[in-house]
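Residues per chain, in single letters:
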Amino acid sequence: VKCGIPIGPLREIFESCDGVLYWYPVQKRVRAVNPRVEIELQIGVKEAKVNGEKEELELAPYIKRGRTMVPLSFIAETLNLTITFDSKRGQLIIVCNE
């Protein structure tokens, strides 16, 4: 959680949904593609493109320990996921709705 917003690592979640990520280090830009969606975002910028359409993020993506972190609500909405928190185990549970 950062600034009260639940966040998560884009690569791990996106790859579990049959996606591939491309990292462009000079621009600090990420392109994520799966059979249904293409996401483009830039570190430090609160705007992303989803299938070519601009979308405002709650929080700008940032890098933590080499991972691109983004708001979980953005990932859930874009990939049609349900994300819940198991407080007993301290784990996120991510379910694909397709």
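Here, the structure is the one placed above.
Quantities reported herein were computed from a predicted structural model and do not represent experimental measurements. By convention here, each chain's residues receive numbers from 1 onward along its written sequence. In keeping with the model being predicted, local features are shown solely for residues with a pLDDT of at least 70 and side-chain atom pairs are shown and tallied solely at 80 or more, while totals for entire chains, interfaces and linings include all residues. To obtain the side-chain values, all non-hydrogen atoms of the structure were included, while hydrogens and water were left out.

Participant: Describe in detail the sheet that holds strand β6 (residues 53-56), supporting the description with residues and values.
Facilitator: Pairing is antiparallel across the open sheet formed by 5 strands, whose spatial order is β2-β3-β4-β5-β6. In the strand order of this sheet, the two ends are held by β2 (20-24) and β6, each with one partner. When the angles between neighbouring strand axes are averaged without regard to direction, this sheet yields 20°. One bridge is not enough; two strands pair if DSSP finds at least two bridges between them. Runs of H or I in DSSP of at least four residues are treated as helices and runs of E of at least two as strands, each being numbered from the N terminus. The pairing of strand β4 (residues 38-42) with strand β5 (residues 47-50) spans 3 bridges and is antiparallel. In the sheet register, Glu40 faces β5, and the bridge partner there is Lys49. For every element, the axis is a line fit to its C-alpha atoms; helices are fit only across the contacting stretch, and the angle between N-to-C directions ranges from 0 to 180 degrees.

Participant: For the nonpolar core, give the residues involved together with the corresponding values.
Facilitator: We define a nonpolar core as any set of buried Ala, Val, Leu, Ile, Met, Phe, Trp, Tyr and Cys residues linked to one another through side-chain atoms lying within 4.5 Å. Note on classification: 1.4 Å probe, protein chains only; a residue is buried when its accessible area is under 20% of the maximum for its type, exposed when over 50%, partly exposed between these limits. Among the nonpolar cores identified, the biggest contains 20 residues, and Leu10, Phe14, Leu41, Phe74, Ile75 and Leu79 are the most heavily contacted of them. Elements with a contribution of two residues or more to this core: α1 (10-15), β3 (29-33), β4, β5 and α2 (72-79). The element that contributes the greatest number of residues to this core is α2, accounting for 5 residues. Beyond its immediate stretch of four places on either side in the chain, Leu41 contacts Leu10, Lys28, Arg29, Val30, Ala48, Pro61, Thr68, Val70 and Phe74. Judged by nonpolar contacts, the second largest core, of 5 residues, contains Ile5, Leu59, Tyr62 and Met69. What makes two residues a contact is simply this: any of their non-hydrogen atoms within 4.5 Å.

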